Amino acid sequence: MAATGRGTGGTMKAEQVVVCGAGIVGMATALSLKKAGFTVSILAPAWQGFEPAEGFYHPRVYALSAASQAYLEKLGVWRLMNAKRLTAVQSMQVYGDSGACLHLHAWQAAQEHLAWIVESGEIERALHQALSVFGVDWHDDTLVALENNVLHTAKGQQLSAQLVVGADGARSRLRELAGITHQAKPYGDAGMVAHLQAERPHQHTALQWFTGDSILALLPMPDVQGQAQVSMVWSVSQQVADHYLAMEPAQRQAKLAREIYAISGGQLGQLTLRSQLFAFPLTLESSGMVAPGVALVGDAAHRVHPLAGQGLNLGLGDVEALVTVLTQKEAMRSVGDLRVLHRYRRLRAEPIAAMRLATDGLYRLFAVPGLPVSWARNTAMRVCDRIPFIKRSLIGHAAGQGNGTGL
């Protein structure tokens, strides 16, 4: 999608809504607003494109809840994705640090799937295609200043908007310019991600281990040339991540294979690194979310620990809630009216707080050393594994049910 080319050279261009940022949440926001009848454009560098090739998979994958999948289907995006690159999660096994295990199966809550594992690039490709079909303007530019809801860009454009939506990530420039409060607490850990070839089939099961000093998840992905493939998300200390990244490739491959095999107990057999290893710092972040004429969504608004894989699901929940509030506002109010935007913030307060409490609480619970605490948390896991209604509740939350927005 090409930039519009309008509004350059200092000429003012009026917009109803401008979305800053063009990741998954940003593109979903623009598409949802466009389909709801708003005049909307995107301000972000041109999308670089993702051309899926057989045997190659985007390094970052997401676990989409059933509610997120339904929302993408409602937007017409889900059907644009290549079904061969999507993997259904039908069960999940979570292991404690002293032998406890919690088994969750979709059938326990009368569902077909617990989640879908999808590449970031594949979701972006489908969203970009949909935006092109709906003719959403895209300004290939970046934000440098904001004055009275006039956006000044690096290329000299001036865009006037009733509402500016910040979907520009954890280091949001819009959040800073709008003076929206922001709190960040580093965990001192990093998330290492890579794709692994597995000796044994994953059977559409997501696996997770709490070891006390790390959290390992192996997520099912499509087979490659008849070989099982999983995506690794391993939360480790920053020092451990730096150590791995500094290794020679052959040494890294050997050590990673040994460590993952040991943690997983060889459940998937031998594991072979089949992609580049990436690492990103983990932080717990929150914000005020709104200001006059400004609303934040996704990572610009909040970040949680990735142990539950709910970051993108929270972001898509923001999108649905914001668009719902804007479409239901009184006719005499602007989309940038602070009273309207406060409704959005209130609607998202409970689901964000609940996910923050759950992920941060679990992280800290399993980080506490000592036999008594270890015994207590593993006993709790065993009890949960034996009580059907608790399992149904956990599956419902994983699916995105009951948070007040449908996501």
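One can find the structure itself at the top, above this paragraph.
All values derive from a computational prediction rather than experimental measurement.

Student: How do you make sense of the packing of helix 1 (residues 24-35) against helix 3 (residues 120-134) when you look at a structure like this?
Tutor: Each pair of packed helices can be described by the angle between their axes along with the distance between the axes. Axis separation between helix 1 and helix 3 bottoms out at 10 Å; the angle between their running directions is 30 degrees. Put simply, helix 1 runs roughly parallel to helix 3. Crossing angle aside, the handedness with which helix 1 passes helix 3 is left-handed. Along the contact surface, helix 1 presents Ile24, Met27, Ala28, Ala30, Leu31, Lys34 and Lys35, while helix 3 presents Ser120, Ile123, Glu124, Leu127, His128, Ala130, Leu131 and Phe134. Residue composition of the contact of helix 1 with helix 3, grouped by class: ten nonpolar, two polar and three charged.

Student: Sorry if this is basic, but what is going on with the nonpolar core here?
Tutor: Side chains that are nonpolar tend, in soluble globular proteins, to be buried together. If you look at the biggest cluster of nonpolar residues, it comprises 71 residues, and the most contacted ones within it are Ile42, Val77, Met81, Ile123, Leu151 and Tyr344. The greatest single-element share of this core, amounting to nine residues, is contributed by helix 7 (residues 311-328).

Student: Help me out: how do you make sense of the side chain of Asp189 in this one?
Tutor: Along the polypeptide, Asp189 turns up in strand 12 (residues 182-198). For Asp189, a relative accessible area of 12% corresponds to the buried category. If sequence neighbours within four positions are ignored, Asp189 has contacts with Ser235, Val236, Ser237, Gln238, Phe280, Pro281, Leu282 and Tyr363.

Student: Sorry if this is basic, but what is going on with the pairing of strand 2 (residues 40-44) here?
Tutor: Remember that side chains alternate between the two faces of the sheet whenever the strand is regular. Buried residues dominate strand 2, accounting for five of its five residues. Burial of the side chains of strand 2 extends over both faces: Val40, Ile42 and Ala44 are buried on one face and Ser41 and Leu43 on the other. Strand direction decides the pairing type here: strand 2 and strand 8 (residues 137-140), joined by four bridges, are parallel. Paired with Ile42 across the strands is Trp138, a residue of strand 8.

Student: What am I meant to see in the side chain of Arg303 here?
Tutor: Mapped onto the fold, Arg303 is located in the loop between strand 19 (294-296) and helix 7. A distance of 3.4 Å separates the side chain of Arg303 from the side chain of Thr283, its partner in a polar contact.

Student: What is the right way to read helix 1 from this model?
Tutor: Residues spaced three or four apart along an α-helix point in a common direction, a consequence of the helix completing one turn every 3.6 residues. For helix 1, with twelve residues, the first-to-last C-alpha span of 16 Å sits near the 16 Å given by 1.5 Å per residue. Counting buried positions along helix 1 gives ten out of twelve residues, so the element sits mostly inside the fold. In the stretch just after helix 1, Gly37 is the one whose phi turns positive, near 100 degrees.

Student: I'm lost on the sheet that holds strand 3 (residues 61-65) in this one. Help?
Tutor: What links the strands of a sheet is backbone hydrogen bonding, and the strands pair in either a parallel or an antiparallel sense. Across the sheet, which stays open at both edges, the three strands sit in the order 3-7-4 with antiparallel pairing between neighbours. The two strands at the open ends of the sheet, each matched to only one other strand, are strand 3 and strand 4 (87-89). Across the sheet, the axes of successive neighbouring strands diverge by a mean angle of 30 degrees, strand direction being ignored. With five bridges connecting them, strand 3 and strand 7 (residues 115-119) associate as antiparallel partners. Pairing of Tyr62 across the sheet is with Val118, part of strand 7. Running over the sheet, helix 2 (residues 66-74) touches strand 3 and strand 7 and is turned about 90 degrees from strand 3.

Student: What am I meant to see in the packing of helix 1 against helix 7 here?
Tutor: Running from N to C, helix 1 and helix 7 point in directions that differ by 25 degrees, and their axes come no closer than 10 Å. Relative to helix 7, the element helix 1 lies roughly parallel. Crossing geometry of helix 1 relative to helix 7 is assigned as right-handed. Facing helix 1, whose interface residues are Ile24, Val25, Ala28, Thr29, Ser32 and Leu33, helix 7 presents Leu312, Gly315, Leu316, Val319, Val323 and Leu326. Its residues assigned to classes, the contact of helix 1 with helix 7 comprises nine nonpolar, three polar and no charged.

Definitions and cut-offs
Residues numbered from 1 in each chain as written. Predicted model: local features only at pLDDT ≥ 70, side-chain atom pairs only at ≥ 80, totals over all residues. Heavy atoms only, no water. Axes fitted to C-alpha atoms, helices over the stretch in contact; angles between N-to-C directions. Helix = DSSP H or I, 4+ residues; strand = E, 2+ residues; numbered from the N terminus. Parallel < 35°, antiparallel > 145°, perpendicular 65-115°, else oblique. Left-handed = near helix turned anticlockwise from the far one by under 90°. Contact = heavy atoms within 4.5 Å. Nonpolar A, V, L, I, M, F, W, Y, C, P; charged D, E, K, R; others polar. Core = buried A, V, L, I, M, F, W, Y, C linked by side-chain atoms within 4.5 Å. Buried < 20%, exposed > 50% of the residue type's maximum accessible area, 1.4 Å probe, protein only. Pairing = 2+ DSSP bridges. Polar contact = N/O pair within 3.5 Å; in protein donor to acceptor, adjacent residues only side chain to side chain. Expected span 1.5 Å × (residues − 1).

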